[in-house]
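Analysis of the macromolecular model
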Amino acid sequence: MVNMTESEHRQPTTTLYCSNVHGTYNVVFLVAFNIILSVVASLGNFVILVALHKNSSLHPPSKLLYRCLAITDLIVGFVSQPLFATQLLLDINERPHLCTLLGKWVDEISLVFSLVSGVIVTAISVDRLLALLLGLRYRHVVTLMRVGVAVSFIWLLGVICAFIDAFWPILGFIITGYVITMVTLTCLIISAYCYTRILLRLRHNQAQIQGHVEQPAGPGIPLNVARYRRTVSAGAWVQITLVACYLPRSLVGLFGALFSLSAVSITLGIRCTTSLVFLNSSLNPFLYCWKMNGIRQAVKDLMKQYCCNISSLIHRSRMEIPRWFKFILLLSILRQEFVSADNICRTFSFHIRQNLVADHALEGHVFKVATVTTIPECHILCINDCRCVSMNYEHKTAQENCQMNDANRYMKPAALRYKYGALYYDLVREYSVSDKGRPLSSKTGQCVNRCCKDNPCLQGGTCQEICDPATVRYNCTCPANYTGQRCEKIKHPRNCMEVAKNGHNVSGMFDVYDAQKNIFRVYCDLNSEVGYVWTLIQSYSLANNHQFKRSGFSVDRPVNEEGSTINWNAYRLSLAHMKSIADVSTHLRATCNFPADGLVHTDYARAKLEGHDLFGVWIAKCRTYELINIRNITCQGCTVGTWQAPNEIWHINSAVSAKSAGCQFNGEAGASPHEQNFGLYNAVSPNFRCTSSQSSTTQHWIGNIHIYP
């Protein structure tokens, strides 16, 4: 067993590092291996930092965590690995004093970055769990300032541990060893808990969606589940890789302390597993590109811009460029994009005081927003998205201040409106190869700008590239039923779900069409209930109950249908329009006081249209409801006594649902005698929200399950 006292805890490590017991060839191999890893880690993590700077899909606090991890990996590649390789070279040149001194620095630097990397990876897992649990509150709770404070504390902890370990060896052996052990175990437990909780919650949510059962009331999960899964997968793979690379080094130290291993074995183990630890910094950039689409695309764009800058400069100067200068160009802000194998490049020029309309913004054509720190960043984002032909920059706003437009002031002059504090910019494009102002491919004679390379047109549309600097950058020829720049819009939406698919997410009045393409106007609730969109078919106040109580849904009795706004106190669609919407819908919903209170799950009902016979006439039928709540009596997936008798509006009798109709829901507790709910109202209860006063309102909706992308 290796003899080591507490006062000499440093000596064995540096002695083992600086004992050339393996011969020159083994050491030279490790030196070469670490130099290669150093180059890969330095370049890879630098590119990742640039890609993170350009990428706008990540929430800024999440981006800060990945930036911090990339910075630690960059410093490992740029500092730690060269120092380690130098230490090995000093060893084979028999310079033990310098080797020991340098080994001490390598140990302390590695201590800082190992501790920081482990805690940051755990923080990423916690961040992903909070995004799932907090839903819409996530951006208000997990802020850039709070995450910045946490990251600063992590760095401070690592520096303090390394400082104590370097200058007070005995104290460092006790305190640092204890801190690292506790932090490591705590991080592993927290990460395992977070990823397990995320996995279970996602599976539970998927099962609920497949079963068309709503999540219990609460903050909900993020709507972009696909992108969320990718970020979780990336974090999990980074965590697994870190553990796989760090575990062998820990095991070598443990076995060296517990078993009588030879100095040769321990030295070889320490050197090889230290190289494996450094390997982690080289693998992370590849994991980001593999698992995170936004980072992968940003890296591809960066490489394309780099290639175009090199090829364009060669074309202009007609002289060979030194390799070191190519690397310098990679560090600059590139302004050109490679277009084809024929060296055809399009140039985007940008001047912060030119092509500008101050205190104006192009309204109604924003297709994407991003958070940036400078105007040139917004310009680069616009360059990299072929839909973008102009941009609005809100310099007085910290979040979502870059707005990309799919039109410009020449295409839509009326859309350019005065807006104090906003800056409007055109995307200025020029081409290096032209024929009467149009860039051409020397092989095909066609316009080439690469916007159709990956065919942005949806629904099988055909893409054609356009090289007119004053208009869009491509055009899609769409199938008969679709329209929009990318064929992303349904030409004749039948209900509010298709309105939502056309890109709308704010509730209001919209035009829809029946099967014969006759247009009519409806109110769409697009955002009150996660996972659903709804079309209003009827709304009335208790004071106006007499106008509606004798008309079931089988009766054609439109009320205020032609108005430009909804009269929540008296409104109803015609029978033809209700049937048209029901033909392409799946669910029925009843609410109380929606215009005043919004969506409240107290006094609420939701059922599938299938098997409900909404336009029939029937008495005391046990209809199945996905969710029913009357006076805080709740039941999910149960039958409820429902009526739509001749000369009676659709309604529920909660007081006699179980007793007379024989249904599962029993609303007798606290009910008024013969109390009716969601309609008819011959007998009412002040404890039911739809009938608590004469101004209380009742709404009936037809809708669909819909998850926003």
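Definitions and cut-offs
- All residue numbers here refer to positions counted from 1 along the written sequence of the relevant chain.
- Residue-level local features of this predicted model are given only where pLDDT is at least 70; pairs of side-chain atoms are given and counted only at 80 or more, and the full residue set underlies all totals for whole chains, interfaces and linings.
- Side-chain numbers come from the whole structure's heavy atoms, not from hydrogens or water.
- Secondary structure counts use DSSP, requiring at least four H or I residues in a row for a helix and at least two E residues in a row for a strand, with both numbered from the N terminus.
- Per-residue accessibility, obtained with a 1.4 Å probe over protein chains only, is compared with the maximum for each type, and a residue is labelled buried under 20%, exposed over 50%, and partly exposed between these values.
- Residue contacts are defined here by distance: any two heavy atoms, one from each residue, within 4.5 Å place the two residues in contact.
- Shrake-Rupley sampling with a 1.4 Å probe provides the accessible areas, and residues are treated as covered by the protein chains on show and by no other component.
- Strand pairing is assigned whenever DSSP detects at least two bridges linking the two strands.
- Counted as salt bridges are all cases of a side-chain nitrogen of Lys or Arg within 4 Å of a carboxyl oxygen of Asp or Glu.
- Geometry is summarised by axes, namely lines fitted to C-alpha atoms with helices restricted to the contacting stretch, and by angles between N-to-C directions that run from 0 to 180 degrees.
- Remark: nonpolar core denotes a set of buried residues (Ala, Val, Leu, Ile, Met, Phe, Trp, Tyr, Cys) joined through side-chain atoms within 4.5 Å.

As for the overall build of the protein chain
Counting secondary structure elements, the protein chain contains 16 helices and 22 strands. Considering the protein chain as a whole, with its 709 residues, one finds that 50% of them fall into the buried category. Taking the intrachain contacts of the protein chain between residues at least 6 apart in sequence as the baseline, contacts between residues at least 24 apart amount to 65%. Of the accessible surface of the protein chain, which amounts to about 33400 Å², a share of 60% is contributed by carbon and sulfur atoms.

Quick notes on the pairing of strand E6 (residues 402-405)
Side chains of E6 alternate between two faces, with Cys-402 and Met-404 and Gln-403 and Asn-405 buried alike. As judged from the 4 bridges shared by strand E4 (residues 366-370) and E6, these two strands associate in the antiparallel manner. When the bridges of E6 are listed, Val-366 appears paired with Asn-405. Two elements, strand E5 (residues 390-394) and E6, share 4 bridges in a ladder whose sense is antiparallel. Its bridge partner lying in E6, Tyr-393 is registered against Cys-402.

Some words on helix H15 (residues 575-582)
Of all 8 residues in H15, 6 are buried; the element is thus mostly enclosed. What H15 keeps buried is the set Leu-575, His-577, Met-578, Ser-580, Ile-581 and Ala-582. On its buried face, H15 sits against strand E13 (508-513), strand E14 (519-525), strand E15 (532-541), strand E16 (570-572) and strand E22 (697-705).

So, the pattern of salt bridges
Close approach of charged atoms allows side chains of opposite charge to pair. Scanning the entire structure with this criterion turns up 12 salt bridges. A salt bridge links Glu-529 to Arg-589; the nearest nitrogen and oxygen atoms lie 2.9 Å apart. Here Glu-529 is found in the loop between E14 and E15, whereas its partner Arg-589 is found in strand E17 (residues 587-592), with 60 residues between them in sequence. As far as the burial class goes, Glu-529 and Arg-589 line up, both buried. Residues joined in a network through salt bridges with shared partners are Asp-525, Glu-529, Arg-589, Arg-606 and Glu-626.

Topic: the sheet that holds E6
One open sheet accounts for 5 strands, arranged E3-E7-E5-E6-E4; its pairing is antiparallel. Looking at which strands have only one partner, the edges of the open sheet turn out to be strand E3 (356-362) and E4. When the angles between neighbouring strand axes are averaged without regard to direction, this sheet yields 40 degrees. Along the sheet, helix H12 (residues 375-383) makes contact with E4, E5, E6 and strand E7 (416-426), crossing E5 at roughly 150 degrees.

Considerations on the nonpolar core
Counting residues in hydrophobic clusters, the biggest one holds 63 residues, and the most contacted among them are Tyr-66, Ile-120, Ile-198, Tyr-288 and Ile-295. Sorting elements by how many residues they give to this core places helix H4 (residues 96-134) first, with 15 residues. Residue contacts for Ile-295: discarding those within four places in its chain leaves Ile-48, Ala-51, Leu-52, Asn-55 and Tyr-288.

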